[in-house]
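# Survey of secondary and tertiary structure
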Amino acid sequence: MTVMDSKAKLSKRNKEGYYIVKPVNSIKEMLKAAKDEAGDWDAYQYRIPDDPENGIRHITYKEFYETTENLGAALTDMGLGNAHIACLGDNSYPWIVAYLTVLKSAGVFVPIDRELPADDILRIVNDSDSTAIFCGRRFEQMILDNRDRLPAIKYVISLDAEENTDDMYSMTALIERGRSFDRTEYDSLKSDENGLKMLVYTSGTTGIAKGVMLSEHNLVSGVYYGLQVSQPLSKGLSVLPYNHTYESVCDILVSIHKHSTLCINDSLKAVVKNLQLFKPDYIYLVPAFLELFYSNIMRTLKKQGKDKLVFSMIEKSNKLRKVGIDMRKVFFGKITESFGGNLKKIVCGGAPIRPEIGKFFGDIGIWVIGGYGITECSPLVSVNDESANDYNTVGRRLPCLEWKVDAPNDEGIGEICVKGDVVMLGYYKQPELTAQTMTADGWIKTGDLGRIDDRGFTFITGRKKDIIITAGGKNISPAPMEDVIDTCPIVAHAVVVGDGKPFVSALIELDPEMLHSWLEGQGLNADMTLAEASDNDAVRAFIQQYIDQANANVSRAESVRKFAVLDEEFSQEHGTLTPSMKVVRPKVLQ
């Protein structure tokens, strides 16, 4: 049988400007439709690790569907048809198989952050009431060594092992075993569409993990209404961690409904290599990736002495586009070839996009589409699309949502609150926390500050919990100032502080790679350590320029008076960064 990439195309729009999308009632129905309508198209592609030529494995929608059916039959025979099942592993095709198999059952899927310390992982497995766990190879021994601390776990299932052992089942062996089973019982399993279907533990930037309860109706609504606002193209590269709803819902589930081909990135270090190998036309990222791509392009252009030429060509190209002539592929083809040559769309979420970076990629022929969401909203709240893309905003709300700004100030900025089909059921076994976050009539307080303009576009300006109250009683949102300081090429993160203090200060984390390049360009010692750079006069003077820019937009009481350059990097290991590269402020401030 000949396999092929997806031939999915953008849907037509209705009179309101939304894409017309086929309704779907369940995950099971969605995957069956993909199998029936696009069975011979590739659902997934991934590199074969042991192939010296980097051969690609192709999985059609028909094969993927059959694999989930066989695994589902085996799990049902083991009594796991309606169980809570955890999954701990790196991004991989077997992870996706486990995910869809459980979603199609009457059970509950519990994705676990692979970057968490072992104690936190064990706590989540227990708190989630999971009775089975899928785990990747590098986590198998840790789980087996701690079986005595996991009293509810009846089955440990390896995502990677080929055969069963005395202590552990192999998913491969279970799939093979399921081929001989009658699938009737598994296929008849059905969840309450408004009951718990996926339990996602998220700590956000507070550092305290809580279980977000999402129903099948939440997940299906996120896919259906999200596709009405923005759509993937035919072939994507899947990069972000699968335990996050941004990737598991907005990319994996959305691609199934759209019948797109999803290529699985096997390593964060291999993103550029895999862009060139798979040649996707879209990708979901967080802004940290986009900024890295931009920095690398700028560094290369400056080394080649072509930066001014490229910006001159952008100006000329934009004038031609206004009269209907698009020369971007001709003018900027050598730049876009580094992303495989076919990349047309980058969807960005998790943090604000720097407008100048979004504009640059748009100018060279790659749309950057910014959106906003929280895990508690499955996760999508709003998103831009090509017909109305504003790099300064996070786009339009999903059609199923109501939203409002609570207690707005004179500038219209207040806490964003939303209500609708994608809003979670609550926090697992935490009714008091649920009551603090959700109102009795279904509104959820996002904790994010922002405003909504006359067009219905949202601007996110910061986090409510991050508000600084100085000793003088001045309320300050640090995010706008941090965003300006972060535009400094050698700054990885700026953290504005000053709660209870007489004035505002900033902690500066340096970007080692960009620092090296900048020092080299300045004729300074490019190999100086972070400790040496933190005290270097030239480094501090360069950062001061951006602090001055931030201060120019605020009153003296809000301005950064002092700053400290740190001699170490933030990291997930030390708890100062989330997996989506957001700063965990409480941990940094410790």
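Residues numbered from 1 in each chain as written. Predicted model: local features only at pLDDT ≥ 70, side-chain atom pairs only at ≥ 80, totals over all residues. Heavy atoms only, no water.

This part is about a negative patch on the surface. A cluster of acidic side chains, namely Asp535, Asp537, Asp567 and Glu568, defines a negative patch on the protein surface. Mapped onto the fold, Asp537 is located in helix 19 (residues 537-551). (Patch = residues over 30% accessible without salt bridge, like charges linked within 9 Å, V, L, I, M, F, W, Y side chains within 5 Å. Areas by Shrake-Rupley, 256 points an atom, 1.4 Å probe, with all protein chains shown as cover. Salt bridge = Lys/Arg side-chain N within 4 Å of Asp/Glu carboxyl O. Lys, Arg positive; Asp, Glu negative; His and termini not counted. Charge placed at Lys NZ, Arg CZ, Asp CG, Glu CD. Helix = DSSP H or I, 4+ residues; strand = E, 2+ residues; numbered from the N terminus.)

Let us now look at the pairing of strand 15 (residues 380-383). Pairing between strand 14 (residues 367-373) and strand 15: three bridges, direction antiparallel. Within strand 15, the residue paired with Gly373 across the bridge is Leu380. The turn linking strand 14 back onto strand 15 is made up of six residues, and Ser378 within it adopts a positive phi angle of 70°. Of the strand pairs in this sheet, strand 15 and strand 16 (residues 396-397) are connected by two bridges, and their pairing is antiparallel. When the sheet's bridge partners are listed, Val383 is paired in strand 16 with Arg396. (Pairing = 2+ DSSP bridges.)

Quick look at the nonpolar core now. Tyr44, Phe64, Tyr99, Leu100, Phe134, Leu253 and Phe361 are the most contacted members of the largest nonpolar core, which has 119 residues in total. No other element matches the nine residues that helix 3 (residues 93-104) contributes to this core. Sequence-distant contacts of Phe64, defined by excluding residues within four places in its chain, comprise Leu31, Tyr44, Ile59, Tyr93, Ile96, Val97, Leu100 and Ile256. Core analysis: the next-biggest nonpolar cluster, separate from the first, contains 30 residues, Ile468, Ile508, Ile543 and Val565 among them. (Core = buried A, V, L, I, M, F, W, Y, C linked by side-chain atoms within 4.5 Å. Buried < 20%, exposed > 50% of the residue type's maximum accessible area, 1.4 Å probe, protein only. Contact = heavy atoms within 4.5 Å.)

What describes two packed helices is the angle between their axes and the distance between those same axes. Contact geometry of helix 1 (residues 27-38) with helix 9 (residues 245-258) gives a least axis separation of 8 Å together with a crossing angle of 50°. The angle between the axes of helix 1 and helix 9 places the two elements in the oblique class. Contacts between helix 1 and helix 9 involve Ile27, Met30, Leu31 and Ala34 on the former and, on the latter, Leu253, Ile256 and His257. Residue composition of the contact of helix 1 with helix 9, grouped by class: six nonpolar, one polar and no charged. (Axes fitted to C-alpha atoms, helices over the stretch in contact; angles between N-to-C directions. Parallel < 35°, antiparallel > 145°, perpendicular 65-115°, else oblique. Nonpolar A, V, L, I, M, F, W, Y, C, P; charged D, E, K, R; others polar.)

Along the chain, His84 falls in strand 3 (residues 84-88). Accessibility expressed as a relative area gives 16% for His84, which makes it buried. For His84, the side chain forms a polar contact with the main-chain oxygen of Ser128, separated by 2.8 Å. Each residue touching His84, except ones within four places of it in the same chain, is listed here: Val108, Ser128, Asp129, Ser130, Thr131, Ala132, Leu196 and Tyr428. (Polar contact = N/O pair within 3.5 Å; in protein donor to acceptor, adjacent residues only side chain to side chain.)

For the structure on display, the rule yields 30 salt bridges. Asp90 is the salt-bridge partner of Arg138, the closest N and O atoms lying 2.8 Å from each other. Of this pair, Arg138 sits in helix 5 (residues 137-145) while Asp90 sits in the loop between strand 3 and helix 3, placing them 48 residues apart in sequence. The class for Asp90 is partly exposed, based on a relative accessible area of 31%. The shortest N-O distance in the salt bridge between Arg299 and Glu513 comes to 3.1 Å. Taken as a pair, Arg299 in helix 11 (residues 287-304) and Glu513 in helix 17 (residues 512-521) lie far apart in primary sequence, 214 residues in all. In the salt-bridge network here, residues are joined through shared partners; they are Asp90, Arg114, Glu115 and Arg138.

In this section: the sheet that holds strand 26 (residues 560-565). Backbone-to-backbone hydrogen bonds pair the strands of a sheet. The strands run either parallel or antiparallel. The three strands lie next to each other as 24-25-26, forming an open sheet whose pairing is mixed. The open sheet has two edge strands, strand 24 (491-497) and strand 26, and neither has a second partner. Mean inter-strand twist for the sheet, computed between neighbouring axes without regard to direction, equals 25°. The sheet contact formed by strand 24 and strand 25 (residues 504-510) spans six bridges and is antiparallel. Counterpart to Ala494 in the pairing with strand 25 is Ile508.

This part takes up the packing of helix 12 (residues 307-322) against helix 13 (residues 328-336). Relative orientation of the contacting elements helix 12 and helix 13 amounts to 150°, with a least axis distance of 10 Å. On the basis of their axis angle, the class for helix 12 and helix 13 is roughly antiparallel. In this structure, helix 12 crosses over helix 13, and the sense of that crossing is left-handed. Every residue of helix 13 that contacts helix 12 at Val310, Met313, Ile314, Ser317, Leu320 and Arg321 is listed here: Arg328, Phe331, Phe332 and Ile335. (Left-handed = near helix turned anticlockwise from the far one by under 90°.)

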